[in-house]
Amino acid sequence: MTTTETPTVLETIAATRELVRSARAAGKRIALVPTMGALHDGHLALVARGRELADVVIVSIFVNPLQFGPSEDFERYPRTLDADLAALAGSADAVFAPTVAEMYPGGASQTTVHAGPVAERYEGASRPGHFDGMLTVVSKLLNIAQPDVALFGQKDAQQAFLVKQMVADLNLPVRIEAVPIVRELDGLALSSRNRYLSESERVLALTLSAALRAAREASDRGESVAAARAAGLARFDQQPDVRLDYLVIVDPATFLPLEDDATGDGLILVAARVGATRLIDNAPLHF
Ligand SMILES: Nc1ncnc2c1ncn2[C@@H]1O[C@H](COP(=O)(O)OP(=O)(O)OP(=O)(O)O)[C@@H](O)[C@H]1O
Ligand SMILES: [Mg+2]
């Protein structure tokens, strides 16, 4: 079903199920790419990977109120459906873009997914309830689209970890694939929220990727977890206008912090605020 046309827009769960049913009847494999829209090349990398793995690619575009805190940017989150459909022309077959009422008839979901202890840390510590809301909507989307594979970005590493954990814990019949981070040439990880940044904030935002690089260089030199963390933190000390939320080096297999003298694989996670915009980034390390 490769096409240069804009994708079919599905506004209802019933229409999506019907498309899925007929694709399955024709023996086609289905990929799902869950997004909140305001699409950029990071999202398109997920779509391209979905194309490699399946015959039909469905992109969901839904700004999920359940995963935003009361003081977060749900109301002002960028909603750019026409531009998103144009960006997906020729790559996605269908876009599932439901209203909040379609996804949560009668208000919020009574039944929710609880993410477990890793979700209390890092992003979850700063955004209470975020991961329960995310996993709840991802469960709904997986049940609606019943994909063979669902694609998530490594940019949101804790999210990808928790989705994989949910799929394993609840025996959901889907393969979860994490796609590498797409960056600007200067290192900034693409994110829909980057469009909130002013020109000067855009420069300050490079502190996140610069900190990851400094930590990476330390680990490449054979330095310890503690030294790599210190090298990353030093970049933030030089930029007091960037408010660090957390910088931590975790074991990618458990998402628990690595001991200062640990050896093996690590993953450095960082979150910081530039002006009113909260950004995250991460990179693999080896000790
Ligand atoms: N730079 C990127 N590289 C790879 N995947 C990405 C990138 N940015 C986002 N994604 C992935 O796209 C999917 C949808 O994410 P989402 O719609 O929240 O976009 P976003 O850029 O993370 O926006 P925001 O920063 O506002 O949360 C997620 O799986 C996310 O990890
Ligand atoms: Mg996001």
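Quantities reported herein were computed from a predicted structural model and do not represent experimental measurements.

Caption draft 1: Spatial organisation of the overall build of the protein chain. Counting its secondary structure elements, the protein chain contains ten helices and nine strands. The C-alpha atoms of the protein chain give a radius of gyration of 19 Å, which matches the 19 Å a tight globule of 287 residues would have. In terms of principal-axis extent, the alpha carbons of the protein chain reach across some 55 × 40 × 40 Å. Scored against the burial criterion, the 287 residues of the protein chain give a buried share of 52%. Carbon together with sulfur atoms contributes 52% to the accessible area of the protein chain, which is approximately 13100 Å² in total.

Caption draft 2: The arrangement of the site of ligand 1 in detail. For ligand 1, the set of nearby residues contains 20 residues, the closest of which are His-40, Tyr-77, Lys-155, Asp-156 and Ser-191. Measuring from an oxygen atom of ligand 1, one finds a backbone N or O atom of Met-36 at 2.8 Å. If you list the elements that add at least two residues to the shell around ligand 1, you get β2 (30-35), α2 (41-53) and β5 (149-153). Per-element tally for the shell around ligand 1: the top contributor is α2, with three residues. Grouping the constituent residues of the shell around ligand 1 by class yields nine nonpolar, eight polar and three charged.

Caption draft 3: Inspection of the sheet that holds strand β7 (residues 242-250) at higher detail. The three strands lie next to each other as β7-β8-β9, forming an open sheet whose pairing is antiparallel. With partners counted over all chains shown, the strands left at the sheet margins are β7 and β9 (277-286), one partner each. Put simply, the sheet's adjacent strands are angled 15° from each other on average, direction ignored. Relative to β9, strand β8 (residues 265-274) runs antiparallel, the two sharing ten bridges.

Caption draft 4: Summary view of the pattern of salt bridges. A full pass over the atoms with the stated rule returns 16 salt bridges. Residues Arg-24 and Asp-148 are paired through a salt bridge, measuring 3.5 Å at the closest nitrogen-oxygen approach. Taken together, the positions of Arg-24 in helix α1 (residues 13-25) and Asp-148 in the loop between α6 (130-145) and β5 put the pair 124 residues apart, joining distant regions of the chain. Judged by relative accessible area, which is 33%, Arg-24 ranks as partly exposed.

Caption draft 5: Examining the UniProt feature "binding site: beta-alanine" (unreviewed entry) in the protein chain more closely. Under the local residue numbering, the UniProt record ascribes the feature "binding site: beta-alanine" (unreviewed entry) to Gln-67. Within the fold, Gln-67 resides in the loop between β3 (56-61) and α3 (81-87). Non-local contacts of Gln-67, meaning those with residues more than four positions away in its chain, are made with Met-36, Glu-72, Arg-127, His-130, Gly-133, Met-134 and Val-137.

Caption draft 6: Quick peek at the nonpolar core. Ranked by internal contacts, the top residues of the largest apolar core, which has 47 residues, are Ile-58, Met-103, Phe-255 and Leu-269. Counting residues per element, this core draws most heavily on α6, which supplies nine residues. Those residues in contact with Phe-255 that sit more than four places away from it in its chain are Val-118, Arg-121, Tyr-122, Ala-157, Gln-158, Phe-161, Val-250, Leu-267 and Leu-269. Within the second largest apolar cluster, 25 residues are counted, among which are Leu-197, Leu-208, Val-270 and Leu-279.

Caption draft 7: Structural context of unusual backbone geometry. Here Ala-38, not a glycine, exhibits a phi torsion of approximately 50°, which is positive. The residue Ala-38 is located in the loop between β2 and α2 in this model. At Gln-146, a residue that is not glycine, the phi angle is positive and equals roughly 40°. Within the fold, Gln-146 resides in the loop between α6 and β5. A relative accessible area of 38% places Gln-146 in the partly exposed class.

Caption draft 8: Region of interest: the packing of aromatic side chains. Going through the model one piece at a time under the given rule, you end up with five aromatic pairs. On the basis of an interplanar angle of 45° and a centroid distance of 6.1 Å, the ring pair of Phe-62 and Tyr-104 is categorised as tilted. Residue Phe-62 is located in the loop between β3 and α3, and its partner Tyr-104 is located in the loop between α4 (100-103) and α5 (123-126); the two are separated by 42 residues in the primary sequence. By the burial criterion, Phe-62 is buried, and Tyr-104 matches it. For the pair Phe-161 and Phe-255, a centre-to-centre distance of 4.6 Å together with 35° between the ring planes defines the contact as tilted.

Cut-offs applied
Residues numbered from 1 in each chain as written. Chains lettered and ligands numbered in written order. Predicted model: local features only at pLDDT ≥ 70, side-chain atom pairs only at ≥ 80, totals over all residues. Heavy atoms only, no water. Helix = DSSP H or I, 4+ residues; strand = E, 2+ residues; numbered from the N terminus. Rg over C-alpha atoms; globule rule 2.2 N^0.38 Å. Buried < 20%, exposed > 50% of the residue type's maximum accessible area, 1.4 Å probe, protein only. Areas by Shrake-Rupley, 256 points an atom, 1.4 Å probe, with all protein chains shown as cover. Near = heavy atom within 4 Å. Polar contact = N/O pair within 3.5 Å; in protein donor to acceptor, adjacent residues only side chain to side chain. Nonpolar A, V, L, I, M, F, W, Y, C, P; charged D, E, K, R; others polar. Pairing = 2+ DSSP bridges. Axes fitted to C-alpha atoms, helices over the stretch in contact; angles between N-to-C directions. Salt bridge = Lys/Arg side-chain N within 4 Å of Asp/Glu carboxyl O. UniProt positions renumbered as here; feature names shortened; annotations may be inferred. Contact = heavy atoms within 4.5 Å. Core = buried A, V, L, I, M, F, W, Y, C linked by side-chain atoms within 4.5 Å. Phe/Tyr/Trp six-rings, centres within 6.5 Å; stacked < 30°, edge-to-face > 60°.

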